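Residue strings, one per chain:
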Amino acid sequence: MCGIVGLFLKNSALESSLGKHLSAMLSALSDRGPDSAGFAIYRNPAPRGSIKVTLFHPDPDFGWDRLMREMSEEIGTKVRGEARGSHLLLTAAMPVETARHWLAHHRPEVRIMGVGDCIELYKEKGNPKEVVRRFGLEELAGSHALGHTRMATESAVTTQHSHPFSTGLDLCLVHNGSLSNHNRMRRWLSRHGIEFQTDNDTEVAAGYFTHLLGEGATLKEALKSGISDLDGFYTFAIGTKDGFAVVRDPIACKPAVLAETDDWVAMASEYRAIAHLPGADQSRIWEPSPATVYSWQKH
Amino acid sequence: MIEVDVESLGVRALNERLHRLPRDTNERLWKITNPKGAHALAAGLDRPLSIEIEGHVGYYCGGMNKQAEITINGHAGPGLAENIMSGVVRVKGNASQSAAASGRGGLVVIGGDASSRCGISMKGVDIVVGGSVGHMSAFMAQAGHLVVCGNAGAHLGDSIYEAVIYVGGEVESLGSDCIEKPMTDEHRSKLEQLLASAGLRVQAARFRRFGSARQLYNFKVDHAAQY
């Protein structure tokens, strides 16, 4: 089962209500995925030379202030943080690798959920309605966002196994379905320098696209290659810093609906999740064709 | 006409109300508003009701229908009129995958396109699609008719038994044991009758007929009348 949603705004006047709309979309698909939920939202680009890192630790009393203080002192740069549920959004003027290296050595128990200029990624076990409330998604503004409600089938119900998965800068993926060649693909990607945090199949797909984009492929080219290289059932929605894409496997038994108006493009496993968006009644609605890449880019 | 806002009443309460109508009910005309993609709307009916649904519906609308005539003024999600027994289910827009799957009787009319697996395992239902159908349509179709005014996707009629397929446009590819067959006067007249009952003004002359080569299953000509 599982439910996936995506909302890409074409009209920037709607950005202040992105979180409110995505929250309603995720809540509408709660019964497709009651185990966990998560979302990635693209917003507030980091200042030049800075990065945004979303961190997770399960302990509600985890010492985020101490982490930021030590990181700031030891690296010698200003580190800002904003706690949101069990996550911390950290913004710091340092290269990505410096942040990763420091965290791996000083706080190996902290998970990095997403890294980039714009991406923020929050996910958690529990009913989607409760998860979006815990993270205060309704109040968040942004340009585009993806979300997932999970009914676990192939790996454990934990926060780390929840979607979205992000393996590259500002790239994230949500998935409805299951992959059958992910173990072999994970080994191959690991040899090519992609690091994985879990044994989850979807993380492999995210790593695969990260690898191809790193090799210079466009998002569309990477997704087209995925159609022949990734074996299994899938509807994927993919977010990048300024883009949004949807692709289904050639058998296309995992559902997907796309809707578009002059103001937005929405994707969901079911129309129920789209029905309450402004102007949904008048939107152009279609089912994405099998093995076909649909993508939108910010101008 | 009885008007019901399904968003405020809820699907279960609406369906219960429709199921509890007595056999000789006078409450035959219904309008259902605000479906907003809800599942299983007007499923399992067994009364000669006339139901109009204003908007897009989710999974299994009109499933297992008997007698009722259901019209959807919008698009339909997966499994439209699944296992329909009799009556009519019409959708003005498009239908998602597996429309009229395993239907035993009645008529399903899709004004726009139907997605993949339309009429999968159909067992006697008549399906008329104004637009095109996706891949694997009429897979293992046993009886009934599938009329496609537009094009058919890949593997049409794979492993088909005794259902009859008419296609007005192009066929991407035929599935195993599905072949083109001659269009006789008898078939043309059946097709005209199906198009007329669907309310479509389309010329029957341009259609081609497809059916089983009868190589894949144990077909005995002596029993042909029973199929």
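For clarity, every value in this text was computed on a predicted model and none was experimentally measured.

### Re the overall build of chain B
Within chain B, the secondary structure is distributed over 3 helices and 11 strands. Starting at the N terminus and ending at the C terminus, chain B contains elements arranged as β-α-α-β-β-β-β-β-β-β-β-β-α-β. For a compact globule of 227 residues, the expected C-alpha radius of gyration is about 17 Å, and chain B comes in at 17 Å, within 12% of that figure. Expressed along its principal axes, the backbone C-alpha trace of chain B runs to roughly 50 × 35 × 25 Å. Within chain B, the proportion of its 227 residues that are buried is 52%.

### Let's talk about the environment of A:Ala28
Residue and element names in this part refer to chain A. For alanine 28, the position within the fold is in helix α1 (residues 18–28). Residues alanine 28 and proline 128 lie 100 residues apart in sequence; the distance between their C-alpha atoms is 9.0 Å. Filtering out sequence-adjacent residues up to four positions away, alanine 28 remains in contact with Arg272 and Ala273.

### Observations regarding the packing of helix α5 (residues 182–191) of chain A against helix α6 (residues 201–214) of chain A
Residue and element names in this part refer to chain A. Their axes nearest at 9 Å, the elements α5 and α6 cross at an angle of 40°. As the angle between them shows, α5 and α6 are arranged oblique. Our pair here, α5 against α6, has a crossing hand that is left-handed. Of the residues in α6, those touching α5 at His182, Met185, Arg186 and Leu189 are Asp201, Val204, Gly207, Tyr208 and His211. When grouped by side-chain class, the residues that make up the contact of α5 with α6 number 4 nonpolar, 3 polar and 2 charged.

### Describing the pairing of strand β10 (residues 171–179) of chain A
All names here are of chain A. The buried fraction of β10 is high, at 8 of 9 residues. Pairing analysis gives 2 bridges linking strand β9 (residues 165–168) to β10, with the strands arranged antiparallel. Bridging from a neighbouring strand, phenylalanine 165 pairs with leucine 173 of β10. The antiparallel hairpin formed by β9 and β10 contains 2 residues in its connecting segment, where aspartate 170 sits at a positive phi of about 60°. In the sheet, β10 pairs with strand β11 (residues 232–239) via 8 bridges, with the strands oriented antiparallel. By the bridge assignment for β11, serine 178 is matched with phenylalanine 233.

### Notes on the sheet that holds strand β12 (residues 243–248) of chain A
All names here are of chain A. A sheet is described by the order of its strands in space; here 5 strands give the open sequence β9-β10-β11-β12-β16, paired in antiparallel fashion. Across the chains shown, the open sheet's two edge strands, defined by having one partner strand only, are β9 and β16 (294–297). When the angles between neighbouring strand axes are averaged without regard to direction, this sheet yields 20°. Running at roughly 15° to β12, helix α7 (residues 219–229) makes contact with β11, β12 and β16 of the sheet.

### Let's talk about the confidence of the model for chain B
On average, residues of chain B score 96 in pLDDT, and 99% of them are at 70 or above. Of the two predicted TM-score estimates for the complex, the pTM is 0.94 and the ipTM is 0.90.

### Focus on α5(A)
Residues and elements named next belong to chain A. Buried within α5 we find His182, Met185, Arg186 and Leu189. Angular distribution of buried residues about the axis of α5 spans 105°; they occupy a single face of the element. Across from the buried face of α5, at angles greater than 90 degrees, the exposed residues are Asn183, Arg184, Arg187 and Arg191.

Cut-offs applied
Sequence order sets the numbering: in each chain, residues are counted from 1 along the sequence as written. For naming, the first written chain is A and the first written ligand is 1, with later ones following in the order written. Where local features are concerned, this predicted model is filtered to residues with pLDDT of at least 70; where side-chain atom pairs are given and counted, the filter is 80 or more; whole-chain, interface and lining totals use all residues. Under the scheme used here, helices are H or I runs from DSSP no shorter than 4 residues and strands are E runs no shorter than 2 residues, and both carry numbers assigned from the N terminus. We compute the radius of gyration over the C-alpha atoms and compare it with the globule rule, which gives 2.2 Å times the number of residues raised to the power 0.38. Think of it as a crowd count around each C-beta: if 20 or more other C-beta atoms lie within 10 Å the residue is buried, if 12 or fewer it is exposed, and in between it is partly exposed, with C-beta placed from the backbone throughout. Whether two residues are in contact is decided by their C-beta atoms, placed from the backbone, lying within 7 Å. Note on geometry: axes are C-alpha line fits, over the in-contact stretch for helices, and angles between N-to-C directions span 0 to 180 degrees. Angle categories: roughly parallel below 35 degrees, roughly antiparallel above 145, roughly perpendicular from 65 to 115, and oblique for all the rest. With the far helix as reference, a near helix turned anticlockwise by less than a right angle produces a left-handed crossing, and one turned clockwise produces a right-handed crossing. Think of it as three bins: nonpolar holds Ala, Val, Leu, Ile, Met, Phe, Trp, Tyr, Cys and Pro, charged holds Asp, Glu, Lys and Arg, and polar takes everything else, Gly as well. Strand pairing follows a simple DSSP-based rule, namely that at least 2 bridges must link the two strands. You can read pLDDT as the predictor saying how much it trusts each residue, on a scale of 0 to 100. Within this analysis, the arc is defined by the directions that extend from the helix axis to the C-beta atoms.

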